[in-house]
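# Topology and contacts: notes
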Amino acid sequence: MGVQDNKEALITPPLLEAKKLFHKFDYELFKNINLALYKKQSIAIIGTSGSGKSTLLNILSSLLKPFEGEVVFENKSLYDIKQKNLLKIRREDFGIIFQAHYLFRGFSANENLDIAKLLSNEEVDTKLLQDLGIAHVLKQGVGELSGGQQQRLSIARVLTKKPQIIFADEPTGNLDKDTANMVMDTLFNYIKENEAGLILVTHENDLAMRCDKVYKLEDKELQELK
Ligand SMILES: Nc1ncnc2c1ncn2[C@@H]1O[C@H](COP(=O)(O)OP(=O)(O)OP(=O)(O)O)[C@@H](O)[C@H]1O
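Note that the structure is a prediction, hence the values are computed from the model and not measured.

### Description of the packing of helix α4 (residues 109-120) against helix α6 (residues 147-160)
- In the contact formed by α4 and α6, the axes pass within 8 Å of each other and the chain directions differ by 20 degrees. Classified by the interaxial angle, the pair formed by α4 and α6 is roughly parallel. Along this stretch, α4 crosses α6, giving a crossing that reads as right-handed. On α6, the residues touching Ala109, Asn112, Leu113, Ala116, Lys117 and Ser120 of α4 are Leu153, Ala156, Arg157 and Thr160.
- Residues of the contact of α4 with α6, tallied by class, amount to five nonpolar, three polar and two charged.

### Section: the pairing of strand β8 (residues 197-201)
- The buried fraction of β8 amounts to five of the five residues, a majority that puts the element mostly inside the structure.
- Of the pairings in the sheet, the one linking strand β3 (residues 42-46) to β8 comprises four bridges and is parallel in character. Residue pairing across strands places alanine 44 opposite leucine 200, the latter belonging to β8.
- Here strand β7 (residues 165-169) runs beside β8; their pairing, made up of five bridges, is parallel. Paired with alanine 168 across the bridge in β8 is leucine 200.
- Of the crossover connections in this fold, the one passing from β7 over helix α7 (residues 177-193) to the parallel β8 is right-handed.

### Considerations on the site of the ligand
- Taken together, Phe25, Leu29, Gly47, Ser49, Gly50, Ser51, Gly52, Lys53, Ser54 and Thr55 form the complete shell of residues around the ligand.
- Considering each element in turn, the shell around the ligand owes the most residues, three residues, to helix α2 (residues 53-60).
- A breakdown of the residues in the shell around the ligand according to their chemical character gives two nonpolar, seven polar and one charged.

### Focus: unusual backbone geometry
- With phi around 70 degrees, asparagine 75 is a residue other than glycine that occupies positive phi space.
- In this fold, asparagine 75 is placed in the loop between β4 (68-73) and β5 (76-77).
- Overall, the presence of 8 C-beta atoms within 10 Å leaves asparagine 75 in the exposed class.
- Phi is positive for asparagine 121, close to 60 degrees, though the residue is something other than glycine.
- Secondary-structure assignment places asparagine 121 in the loop between α4 and α5 (126-131).
- Overall, asparagine 121 belongs to the exposed group, with 8 C-beta atoms counted inside 10 Å.

### Section: the confidence of the model for the protein
- This prediction gives the protein a mean pLDDT of 91; 96% of its residues lie at or above 70.
- Scoring the predicted complex yields pTM 0.91 and, for the interface, ipTM 0.96.

### Section: α2
- With respect to burial, α2 is a largely interior element, seven of its eight residues being buried.
- What α2 keeps buried is the set Lys53, Thr55, Leu56, Leu57, Asn58, Ile59 and Leu60.
- Just beyond α2, the residue with positive phi is serine 62, at close to 80 degrees.

### Description of the sheet that holds strand β9 (residues 213-218)
- Overall, mixed pairing links the six strands, which are arranged β6-β7-β8-β3-β9-β10 in an open sheet. Both outer strands of the open sheet, β6 (94-97) and β10 (221-224), are each paired with one neighbouring strand and no more. Geometrically, the sheet is characterised by an average inter-axis angle of 20 degrees between neighbouring strands, direction not taken into account.
- Across four bridges, β3 lies against β9 in parallel orientation. Each bridged residue has a counterpart across the sheet, and for isoleucine 45 the counterpart in β9 is tyrosine 215.

### Focus on the environment of aspartate 169
- By secondary structure assignment, the location of aspartate 169 is in strand β7.
- Here the alpha-carbon distance between aspartate 169 and isoleucine 45, two residues 124 residues apart in the chain, equals 9.5 Å.
- With sequence-adjacent residues up to four places away left out, aspartate 169 is seen in contact with Ser54, Leu57, Ile97, Phe98, Gln99 and Val201.

### Side note on the sheet that holds β4
- One open sheet holds the four strands; their spatial order is β2-β1-β4-β5, and the pairing between them is antiparallel. Each edge of the open sheet carries a strand with a single partner, namely β2 (28-37) and β5.
- Inspection of the sheet shows β4 paired to β5 by two bridges, in the antiparallel sense. Note on β5: the bridge partner recorded for phenylalanine 73 is lysine 76.
- Sitting on the sheet, α2 touches β1 (16-24), β2 and β4, and the angle it makes with β1 is about 130 degrees.

Cut-off values and rules
- Residues numbered from 1 in each chain as written.
- Predicted model: local features only at pLDDT ≥ 70, side-chain atom pairs only at ≥ 80, totals over all residues.
- Axes fitted to C-alpha atoms, helices over the stretch in contact; angles between N-to-C directions.
- Helix = DSSP H or I, 4+ residues; strand = E, 2+ residues; numbered from the N terminus.
- Parallel < 35°, antiparallel > 145°, perpendicular 65-115°, else oblique.
- Left-handed = near helix turned anticlockwise from the far one by under 90°.
- Contact = placed C-beta atoms within 7 Å.
- Nonpolar A, V, L, I, M, F, W, Y, C, P; charged D, E, K, R; others polar.
- Buried ≥ 20, exposed ≤ 12 C-beta atoms within 10 Å, placed from the backbone.
- Pairing = 2+ DSSP bridges.
- Right-handed = clockwise from strand over helix to strand, strands pointing away.
- Near = placed C-beta within 6 Å.
- pLDDT = per-residue confidence, 0-100.

Written out as structure tokens, the structure reads:
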């Protein structure tokens, strides 16, 4: 964050806030997790395999309820929001990009984007498709696309609905380094242009370091690295 952004952070409430999150399965996974995401800000979470990064992202994105603590969106705890409204937030405000992308395989790339267009009343941004390097494959069936092209199509679909917060779990996992950087550029541009925020889970330290803030999930707690 620049000086100007820091000033802004002081007067603008966070887009999303995690307060004292504690989660366990058969054993304690993490505790005392606090973080705040502001508009135009990107946060990376790194950590060894099994440290609980995906679980934390599931909690932050409302898909999983923590054992203790709360996630606050627009000044309200997610757990005080009625189910119907929570579904609306998930559909409209949260853009969730996971490793396994849920594209409709019997349909073309274009038809997959039409679905996002219909659900959100937003137009598909052709520049976005060019930036992601998939503008030329729109007529092809999803099954004919490479894994990396499918991944980028699923990112385009999520961005088309213009979410306020992008939650991305290894969004560049199938991509070579240059393409991964291109996808990250697109995500960074998106959050700046749309005053949105990004929370990224990744194994790639280089990609993480491109974010404004970097945390490591280690010894069951979030350590701030940047
Ligand atoms: N629903 C569940 N029930 C029980 N244990 C679970 C569940 N989900 C995850 N775990 C366990 O919690 C631990 C953390 O998993 P998680 O996927 O959050 O880690 P991660 O840091 O994202 O790992 P990776 O980098 O390998 O994807 C793992 O030991 C996993 O087996």
